[in-house]
Amino acid sequence: MRRQLESIGRYSEDVVTTAGQMAIMLASAFLYAFTPPIKFRNIFKQMEFVGVQSLFVVILTGSFTGMVLALQSYNALKRFGAESLVGPTVALSMARELGPVLTGLMVTGRAGSAMATELGTMRVTEQIDALFAMAVNPIRYLVVPRVIAGILMFPVLTIVTDFVGVIGGYAVGVKLLGINPGIYIGRTVDFVQMDDIVTGLTKSLVFGLITSLVACYNGFYATGGAEGVGRAATSSVVMGSIMILISDYLMSSFAV
Amino acid sequence: MIKIINLRKSFGDKKVLDGVNLEIERGKITVIIGRSGEGKSVLIKHIIGLLKPDEGAVFLEDQDLTSLRDRDFNEVRKRFGMLFQGAALFDSMTVAGNVGFPLKEHTDLNDEDIGKIVTDKLHRVGLVDVEEMMPSDLSGGMKKRVGLARAIVMDPEIVLFDEPTTGLDPIMSDSIADLVLDTQKALKTTYILITHDIPFTYKIADKIAMLHEGRIIEEGSVEEMKANPNPILRQFLEGRAEGPIKVF
């Protein structure tokens, strides 16, 4: 009984420590983000890494999700004679939910794990200590560009995911299942409002912050050599994905 | 120049530094020796503010470094250079990018001027035409040399060396010793080294201090330390398994 209580206590302490350190990292990053000198070159480099290099994976994910969504919703809606609603179903699902969440999860897997690995390697090979020793604040130099890149690029990637998802849905709905293209587009335009797109993009902005912060945190505080770096990469994906799903529910429940 | 007073640091239950007292003279080479795991790296990380002590103080001239806020410590750190054990070169940058990094961060020099200083410092550590190489293409000895070039690129007043000869063959260790002596003479810099390489220590040290069980147990010049009868010091300097220091 005592041992169980001790392990619960230790776990709780770890959770509180993690939350505290992450909050301090976020506050420091926020402060440095608005304090000159701002390193635009580092920010652009990270934007290229998070954004441009993730394009292929989000295009693939978005298009196939749109296509399968059209197929499944067609099957369901046909039973009520509402095939014309396939377009809005695909577009609304992509814009409000699947676009931001799938982009978040895919980019967490690709860029989040890479960020954690890079920072973790820098930590265990003393490169982060070297930055400190050279009077360069590692939060400003390493964390700020990554967090800004995450916040800026996730919405852009989400727009891409939404767009290719809608195109994928159109291709399946119109070309494969024979829905009238005029009705498909017309219904989509009628039903989808700017608010739906903004809701999705707001979510993606939060997911961008979560992914980059969690990845930076895990990498920055990595310990224990190569094994520790591996652990940091895994934790960043698991912790990031869980936080994306939980925050998605919370934001959806507020938006409804 | 640097005065360490009653420095204590524990990690969990493990006492690493247990009241370290040490004075480091300006313009001299001070070598801190001790067994692996005795806290030598922990000690120099306190000097440059990478760690905060549980108790005690580190004075640079009249300034207590341990009481400084991070932002103020950054100004002090510009007076230091540091060579890390594995050189800690940035993987993503070329040799020139690594050596020129502090200049780029802290000065308004243009790329051309930075390039000239980088080439000069690389020559000083015996490296030619390596500017565009990546750290992964360098041997262990070359990495240390590039690390030293980076440590001295801002012409610091104090340079810290964390195990500069670890992982190097004896010939390369000796060449690093020559390099330490040459650069220190040329720049009149205060050098603080930690090592357990005794031939290297004898060759370069103005002063040797031995760290054992969290304290400086003996200190003095090379000749004084060679003549010191302390059995712990003798066992360490002579590299014997038998003696008061228990191996296991």
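Just above sits the structure.
Everything numeric here is computed off the predicted structure, so don't read it as measured data. (Residues numbered from 1 in each chain as written. Chains lettered and ligands numbered in written order. Predicted model: local features only at pLDDT ≥ 70, side-chain atom pairs only at ≥ 80, totals over all residues. Heavy atoms only, no water.)

Further remarks concern the overall build of chain B. Assigned secondary structure in chain B consists of nine helices and ten strands. Taken over the C-alpha trace, chain B has a radius of gyration of 18 Å; the compact-globule value for 248 residues is 18 Å, and the two agree within 12%. Taking all 248 residues of chain B together, the buried fraction comes to 52%. When contacts within chain B are restricted to residue pairs at least 6 apart in sequence, long-range pairs at least 24 apart make up 65% of them. Taken as two groups, the 33 positive and 41 negative side-chain charges of chain B have centres that lie 3 Å from each other. (Helix = DSSP H or I, 4+ residues; strand = E, 2+ residues; numbered from the N terminus. Rg over C-alpha atoms; globule rule 2.2 N^0.38 Å. Buried < 20%, exposed > 50% of the residue type's maximum accessible area, 1.4 Å probe, protein only. Contact = heavy atoms within 4.5 Å. Lys, Arg positive; Asp, Glu negative; His and termini not counted. Charge placed at Lys NZ, Arg CZ, Asp CG, Glu CD.)

Residues Val50(A), Ile2(B), Ile4(B), Ile47(B), Phe80(B), Leu160(B) and Ile192(B) are the most contacted members of the largest nonpolar core, which totals 78 residues. The element best represented in this core is helix 6 (residues 138-176) of chain A, accounting for ten residues. Leave out the neighbours within four places in its chain, and Ile192(B) touches Ile2(B), Ile24(B), Thr30(B), Ile32(B), Ile44(B), Ile47(B), Ile158(B), Val159(B), Leu160(B) and Phe161(B). (Core = buried A, V, L, I, M, F, W, Y, C linked by side-chain atoms within 4.5 Å.)

Now for the pattern of salt bridges. All names here are of chain A. Tallied over the entire structure, the rule returns 29 salt bridges over all chains. Put simply, lysine 203 and glutamate 97 hold a salt bridge, and the shortest N to O gap is 2.9 Å. Here the residue lysine 203 occupies a position in helix 8 (residues 194-220), and glutamate 97 occupies one in helix 4 (residues 86-124), the gap between them amounting to 106 residues. Judged by relative accessible area, which is 3%, lysine 203 ranks as buried. A relative accessible area of 28% places glutamate 97 in the partly exposed class. (Salt bridge = Lys/Arg side-chain N within 4 Å of Asp/Glu carboxyl O.)

Moving on, we get to the sheet that holds strand 3 (residues 29-33) of chain B. Residues and elements named next belong to chain B. Spatially, six strands are ordered 6-7-8-3-9-10 in an open sheet, and the strand pairing comes out mixed. Each end of this open sheet is capped by a strand with a single partner; those strands are strand 6 (80-83) and strand 10 (215-220). Neighbour-to-neighbour, the strand axes of the sheet open up by a mean angle of 20°, direction not taken into account. Pairing of strand 9 (residues 207-212) with strand 10, which is carried by five bridges, proceeds in the antiparallel orientation. Across the sheet, alanine 209 pairs through a bridge with glutamate 219, a residue of strand 10. With respect to the sheet, helix 1 (residues 40-47) is in contact with strand 3, strand 6, strand 7 (158-162), strand 8 (190-195) and strand 9, its orientation differing from that of strand 8 by roughly 155°. (Pairing = 2+ DSSP bridges. Axes fitted to C-alpha atoms, helices over the stretch in contact; angles between N-to-C directions.)

Bringing the interface of chain B and chain A into the picture now. Taken together, the 21 residues of chain B in the interface contact 16 residues of chain A. Here chain B and chain A share an interface that buries about 1600 Å² over both sides, 58% of which is from carbon and sulfur atoms. At the junction of chain B with chain A, the criterion picks out three salt bridges. In this structure, Lys45(B) and Glu126(A) form a salt bridge, with 3.3 Å as the shortest nitrogen-oxygen distance. Remark: the boundary between chain B and chain A carries four residue pairs in polar contact (both at pLDDT 80 or more). Counting only elements with at least two residues in the side of chain B that touches chain A, the list comes to helix 2 (70-77) and helix 3 (95-106) of chain B. A total of four residues in the side of chain B that touches chain A trace back to one element, the largest contributor, which is helix 3 of chain B. Among the residues making up the side of chain B that touches chain A, the classes are represented as ten nonpolar, four polar and seven charged. (Buried area = accessible area lost by both parts, 1.4 Å probe. Polar contact = N/O pair within 3.5 Å; in protein donor to acceptor, adjacent residues only side chain to side chain. Nonpolar A, V, L, I, M, F, W, Y, C, P; charged D, E, K, R; others polar.)

Honestly, it's all geometry; don't read function into it.
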